[in-house]
Amino acid sequence: MATSDPTQLPSTYKGLLFKSASTTPAIELLPTPTPEPGSVIVRPLYSWIFNYATEIYAQGNPRSYNVRFPLIGGANAIGRVAAVPPDARSLKVGDLVTVEPFIKERDGAHLPTTRGLGLTENGTWAELVQVPTENVLPIDEAALQKRNISIKDLAFYPQLVVAYGGFRDVGLTAGETVLITPATGNFGGGAVHVALAMGARVIAMGRNEKILAELKALAPDRVETLTLSGSVDTDVAALAKYGPIDVFQDFTPPMATNFAHIQAGILSVRPGGRINFMGNVKDLEVPYRAMVYRGLRIHGTLMYTRDQALDMLKMIETGTLKLGPAAGLTAKGVFKLEDGTAALEFAAKEAGAGRAVHFAPNEE
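Residues numbered from 1 in each chain as written. Predicted model: local features only at pLDDT ≥ 70, side-chain atom pairs only at ≥ 80, totals over all residues. Heavy atoms only, no water.

Participant: Quick question: what am I supposed to make of the environment of E105 here?
Facilitator: Note that E105 resides in the loop between strand 7 (102-103) and strand 8 (115-116). C-alpha of E105 to C-alpha of R115: the two residues are 10 residues apart in sequence and 8.4 Å apart in space. (Helix = DSSP H or I, 4+ residues; strand = E, 2+ residues; numbered from the N terminus.)

As structure tokens, then:
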């Protein structure tokens, strides 16, 4: 696979195919694509299995994501370039890269993003994946080796970069206090790690007290934790004990039914503060008057930009953002594609804040 000559790629490759949102996945042999102009073929080494993947692909898609079945699942990957197109300027076969999930329309930058790997296009739970060139970001492998960062540890990147995009959008700076809710899931937990690396003080709110304790242990003098009460007044009173909040970042999922923590978060932000919504709540009642009187700024963020992702990789490459078990980021399981159903069920139980599960479609 390590060639820019498509004739040296295998004629077929294996992928984990989902025919609908309620059928068991199966290994499918697919014809190997040709590296056309504007696209790159990548050989995934580690492909993240998010903990709600089984809901989307096997339990009826209750989150109502825009998934076009049948397709190969998986959104992100760390992999190696397997083939490059004639118009590639810097990417080379064998380069270590990230595969980014959301696809921007090249002729409609003003349009909302609706396409993505594992949603509308074949994803990364496969031996090969073809993606737009701009969705492949190079990694300084020598810098990783210098800091003893393994590729397996690097595979936590997808859980971390999302929050970074939001923090950049609202201008989080060192020394500020950021409230993160809920902080005990994939992205909220990752946000705690990123905020600390950016020099911020963190207030982490969530329901899982065990995970909250783990987050507190990351930096006891810079992380405060609170258990969600379900009451706006109770949460506001609890947050007031920790002083002014500069930034509030929220990741509430679509299945949530109680939004008291969001109301409390808004009401706890200092005058002139910023609010970053990165969750998937359809409708929300907000304290309109308080927001006006306090001059609060709300910024909705879907994922992150390419430039933000490149900057995030620099944080990892320079050791500013620590990875691995010693940093509180542990791979709980690595599965073969053939173990698809078991892998999704395992991720639903074990993945989350500081915990990741991956497919390893290729070995090296």
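Participant: Any chance you could explain the pattern of salt bridges here in plain terms?
Facilitator: If charged atoms from side chains of opposite charge come close, those side chains can pair. Tallied over the full model, the rule gives 13 salt bridges. Residue R80 pairs with E141 through a salt bridge whose shortest N-O separation is 2.7 Å. On the criterion of sequence distance, the pair formed by R80 in strand 5 (residues 77-83) and E141 in helix 2 (residues 141-146) is long-range, its members being 61 residues apart. Its relative accessible area of 24% is what places E141 among the partly exposed residues. The closest approach of N and O atoms between K92 and D95, which form a salt bridge, is 3.7 Å. Beyond isolated ion pairs, a larger network of salt bridges with shared partners links R80, E141 and E364. (Salt bridge = Lys/Arg side-chain N within 4 Å of Asp/Glu carboxyl O. Buried < 20%, exposed > 50% of the residue type's maximum accessible area, 1.4 Å probe, protein only.)

Participant: I tried to follow the sheet that holds strand 14 (residues 245-250) on my own but got confused; where do I start?
Facilitator: For sheets, the rule is that strands pair by backbone hydrogen bonds, running either parallel or antiparallel. Reading across the sheet, the 6 strands line up as 13-12-11-14-15-16 and stay open at both edges, with parallel pairing between neighbours. Edge positions in the open sheet fall to strand 13 (223-227) and strand 16 (297-300), since each of these has one partner strand only. When the angles between neighbouring strand axes are averaged without regard to direction, this sheet yields 20 degrees. The pairing of strand 15 (residues 269-277) with strand 16 spans 4 bridges and is parallel. Opposite R274, over in strand 16, you have R297 as the bridge partner. Most of the contacts of helix 6 (residues 209-218) go to strand 13, to which it runs at about 170 degrees, and overall it touches strand 12 (201-206) and strand 13. (Pairing = 2+ DSSP bridges. Axes fitted to C-alpha atoms, helices over the stretch in contact; angles between N-to-C directions. Contact = heavy atoms within 4.5 Å.)

Participant: What is the right way to look at the packing of aromatic side chains in this model?
Facilitator: In this description, an aromatic ring pair is defined by two values, namely the gap between the centres and the angle between the planes. The full count for this structure, using the stated rule, is 12 aromatic pairs. Ring centres of Y57 and W125 lie 5.4 Å apart, and the angle between their planes is 65 degrees; this geometry places the pair in the edge-to-face category. Placement of Y57 in helix 1 (residues 53-58) and of W125 in the loop between strand 8 and strand 9 (129-132) is noted, with a sequence separation of 68 residues between them. Across the pair, W125 and Y57 agree in class, each one buried. Ring geometry for W125 against F359: centres 5.2 Å apart, planes inclined by 65 degrees, an arrangement best described as edge-to-face. Of this pair, W125 sits in the loop between strand 8 and strand 9 while F359 sits in strand 18 (residues 355-359); the two residues are 234 residues apart in sequence, bridging distant segments of the chain. For F359, a relative accessible area of 0% gives the class buried. One aromatic cluster is present, formed by F18, W48, F50, Y52, Y57, Y65, F69, W125, F187, F251 and F359 through successive ring pairs. When the ring centre of Y52 is taken as origin, the NZ or CZ atom of R63, which lies over that ring, is 4.1 Å away. (Phe/Tyr/Trp six-rings, centres within 6.5 Å; stacked < 30°, edge-to-face > 60°. Lys NZ or Arg CZ within 6 Å of the ring centre and 35° of its normal.)

It is worth stressing that arrangement in space is one thing and function is another; only the former is reported here.
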